[in-house]
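Listed below, chain by chain, are the residues.
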Amino acid sequence: MNNKKFYYIIIAVTIIIIGTLFLTQNKASEEEKIVMSFYPEAKKAELIKDIADDIFVSLNFPSVKRGYKIDGEIKAYVTDCIGYNGPVEVLSAFDTEENKLIGIKILKHEESLDYAEHIEKDWFLERFKNIFAGKYLNLVVLDKENDEDIVQVTGATVSSQAVVTAVNAAVGVFQYQNNNVEMAKVADVVPQEMWQKDINSFLINWEEGSVRIDTDEIKQYEQLEMDVTLINTTGTETDMHVKGPALRHVLEKEGINLSEYEGIGITGRDGYYTLIDKEKLNLNDVILVWEVDRKIIKDDEKPVRIALPMELGPYWVKMVSNIDLYKEISPKDIDKVHIFNALTEDIEPYYYEYYGSKDKSIEVGKILRKFDIVDEKGFFTMGAVDGLSKNETVSLVRQRYFIKVEGENAPMNISPNFKLGMNVKNMTHFSTTKDAVIFPEKIIDVVRTKDLNGVEAMLLEDVLLTAGMRWNDSNEFIAVSKTGEEINFFLDDMLNSYIISEGEKVSFYKDSKILLTDLARIEKK
């Protein structure tokens, strides 16, 4: 009986060993196939497991895991770097004759798909192809100025840096082993200061002071609990059950009445920002969510995330780091409504690569410089065909903020901190406190129209109201062409005035008579 039991144990152990060897060999063979894909004319790839035994390599490039000889020459390395949630493992392939990086492949990672799914996309990996391997790569936010610059994935700074750091470790080892060059040490983690990993508290600021709220403390406030639906501007809907206190209840404990403020600005640890104005605050409770579907939120959403039940996804900020209370927001008094193409025709476009698509875009800061007055206490407001209206601070949109005017979902706001789905897509207009700018090809979808000589014409009154202009009975108006020609008209004329957009040309009509071609703007006197 004992012999039989021993026999079964031997069989079981043998099966486990064989299975383990099979899985290990299978994994190695799969990785070898990936390696060989970079060297289609090579005959053999040989795994080197003890590549980090060299003291210089182990001390200076701790992220190096293994290497591969290609036809007897070391040309490929597997390295990793700790990113946001865990290690990002990267295979880097080199050309020894030309001393260059051929390309890379992401083997595995633990990053959140919400933020890092695009590091595996071909359009991001293409950025690592055929780069001189004598220098370390450098992560940049927007513009590639040097060969070694790698433009990050939008909204995934930490994960992008993890990939670049892992590749740099491979570059260092490659140069050391193939060219006897000792390059600087490369760490195996992304620096904490890059991503501000405070997942345990967030700050609320107001003019007279501030308070830091701890994530354990937040559970002690009065809790709201409800079923909500998050709707992103890409159209995706996510049903969830959320729990957390209302911001107003938290502020009440500090002796602050939220209704006395004109708006709040919310910033995430990833740099994303949104502003919620007084009108939205009056309609909604801003819920500081710490539990979703009866589970504590993940670390990549902490310390809290925002739920705003009656608003679209751009207001639902994750990983909240700061909430700023605004006592004063300059009111809008739009006195000029510009046609976008006429306003920006002399601005050199920037071809912004955003999630793999490189499209013509216009820098917002250059548009703002065309306005006579830009009130820093006012806000930059964007409206869209789907009814979304979103505000930003002027200081934010001045810096690396663009309007994409070609490609999918254009016109659309984009910036290095904007994840896809948190944009204002198919914009109808945007405005500061004094100036508004319309996109005729989109605003036509939300205003009244009339058939005019067989062409769809937009009622001017609707266009101006949608853009934010308001007036009284005493106001006069001026229609101005691109060449400076002016037509004066009065409020009584408004109901019979239209604009027609044909390509990049916009015309101004009174009844069925054209009064002005190449319209540039409408001014209120």
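In the block above lies the structure referred to throughout.
Here the structure is a predicted model, which is why all the values come from computation and not from measurement. (Residues numbered from 1 in each chain as written. Predicted model: local features only at pLDDT ≥ 70, side-chain atom pairs only at ≥ 80, totals over all residues. Heavy atoms only, no water.)

A. Summary view of the pairing of strand 12 (residues 237–244). Strand direction decides the pairing type here: strand 11 (residues 224–231) and strand 12, joined by eight bridges, are antiparallel. Bridge assignment links Asp 227 to a residue of strand 12, and that residue is His 241. Between strand 11 and strand 12, which pair antiparallel in sequence order, lie five residues; one of them, Gly 235, sits at a positive phi of approximately 100 degrees. As judged from the two bridges shared by strand 12 and strand 16 (residues 291–292), these two strands associate in the antiparallel manner. Bridge assignment links Lys 243 to a residue of strand 16, and that residue is Glu 291. (Pairing = 2+ DSSP bridges. Helix = DSSP H or I, 4+ residues; strand = E, 2+ residues; numbered from the N terminus.)

B. Representation of unusual backbone geometry within the structure. A cis amide bond links Lys 302 to the next residue, Pro 303, at an omega of 10 degrees. Here Pro 303 is to be found in the loop between strand 17 (295–296) and strand 18 (305–307). A positive phi angle is found at Asn 409, which is not glycine, with a value near 70 degrees. By the element assignment, Asn 409 lies in the loop between strand 25 (402–404) and strand 26 (412–414). Residue Asn 409 is classed as partly exposed on the basis of its relative accessible area, which comes to 22%. Here the phi dihedral of Asp 511 falls at roughly 55 degrees; this positive angle occurs in a residue that is not glycine. (Buried < 20%, exposed > 50% of the residue type's maximum accessible area, 1.4 Å probe, protein only.)

C. View of the nonpolar core. Judged by nonpolar contacts, the single largest core of 117 residues is most densely connected at Phe 128, Val 163, Ile 204, Ile 264, Ile 323, Leu 325 and Phe 430. Looking at this core element by element, the count peaks at twelve residues for helix 5 (residues 157–179). Excluding residues that lie within four positions of it along the chain, Ile 264 makes contacts with Leu 247, Leu 258, Thr 274, Leu 275, Ile 276, Leu 281, Val 286, Ile 323, Asp 324, Leu 325 and Tyr 326. Counting residues in hydrophobic clusters, the runner-up holds 27 residues, among them Ile 339, Ile 438, Ile 443 and Met 458. (Core = buried A, V, L, I, M, F, W, Y, C linked by side-chain atoms within 4.5 Å. Contact = heavy atoms within 4.5 Å.)

D. Representation of helix 5 in the model. For helix 5, built from 23 residues, the straight-helix expectation of 33 Å at 1.5 Å per residue is met to within 8% by its first-to-last C-alpha distance of 32 Å. Extensive coverage of helix 5 is indicated by the burial of 19 of its 23 residues. Trailing helix 5 by a residue or two, Asn 180 shows a phi angle of about 55 degrees, which is positive. (Expected span 1.5 Å × (residues − 1).)

E. Structural context of the sheet that holds strand 25. Read from one edge to the other, the open sheet built from four strands follows the order 21-22-25-26, with strand pairing classed as antiparallel. The open sheet has two free edges, formed respectively by strand 21 (350–354) and strand 26, since each of these has just one partner strand. Recorded for the sheet is a direction-independent mean angle of 45 degrees between the axes of neighbouring strands. Sheet analysis places strand 21 next to strand 22 (residues 357–363), joined by five bridges and oriented antiparallel. Across the sheet, Tyr 350 pairs through a bridge with Ser 361, a residue of strand 22. (Axes fitted to C-alpha atoms, helices over the stretch in contact; angles between N-to-C directions.)

F. Seen up close, the packing of aromatic side chains. Following the criterion strictly, the structure yields 20 aromatic pairs and no others. Measuring from ring centre to ring centre gives 6.2 Å for Trp 123 and Tyr 355, while their planes differ by 70 degrees; the resulting arrangement is edge-to-face. With Trp 123 in helix 4 (residues 122–125) and Tyr 355 in the loop between strand 21 and strand 22, this pair connects stretches of sequence that are 232 residues apart. Neither residue differs from the other here; Trp 123 and Tyr 355 are each classed as buried. Three or more aromatic residues joined by ring pairs form one cluster here, namely Trp 123, Tyr 350, Tyr 352, Tyr 354, Tyr 355 and Phe 402. A cation sits over an aromatic face here: Lys 327 above Tyr 261, 4.6 Å from the ring centre. (Phe/Tyr/Trp six-rings, centres within 6.5 Å; stacked < 30°, edge-to-face > 60°. Lys NZ or Arg CZ within 6 Å of the ring centre and 35° of its normal.)

G. Region of interest: the pairing of strand 10 (residues 209–214). Strand direction decides the pairing type here: strand 9 (residues 201–206) and strand 10, joined by six bridges, are antiparallel. Note that in strand 10 the partner of Phe 202 across the bridge is Ile 213. Hairpin remark: strand 9 followed by strand 10, antiparallel, with two residues in the connecting loop.

H. Representation of the pattern of salt bridges within the structure. Going through the model one piece at a time under the given rule, you end up with 29 salt bridges. Residue Glu 89 is joined to Arg 66 by a salt bridge in which the shortest nitrogen-to-oxygen separation is 3.4 Å. Note that Glu 89 is positioned in strand 4 (residues 87–95) and Arg 66 in strand 2 (residues 64–70), a separation of 23 residues in sequence. Comparing Glu 89 with Arg 66 shows no difference in burial state: the two are buried. In this structure, the salt-bridge partner of Arg 521 is Glu 523, at a minimum N-O distance of 2.5 Å. You can call Arg 521 partly exposed: its relative accessible area is 25%. We classify Glu 523 as buried; its relative accessible area is 16%. Within this structure, Asp 333, Asp 335, Lys 434 and Lys 524 form a network of salt bridges that share partners. (Salt bridge = Lys/Arg side-chain N within 4 Å of Asp/Glu carboxyl O.)

I. Main features of the sheet that holds strand 6 (residues 131–132). With antiparallel pairing, the six strands of this open sheet are ordered in space as 1-2-3-4-5-6. Since the sheet does not close on itself, it has two edges, and those belong to strand 1 (45–48) and strand 6, each with one partner. Bridging between strand 1 and strand 2 involves four bridges; their strand directions are antiparallel. When the sheet's bridge partners are listed, Glu 46 is paired in strand 2 with Lys 69. Sheet contacts for helix 5: strand 2, strand 3 (73–82), strand 4 and strand 5 (100–108); angle to strand 3, the most-contacted strand, approximately 145 degrees.

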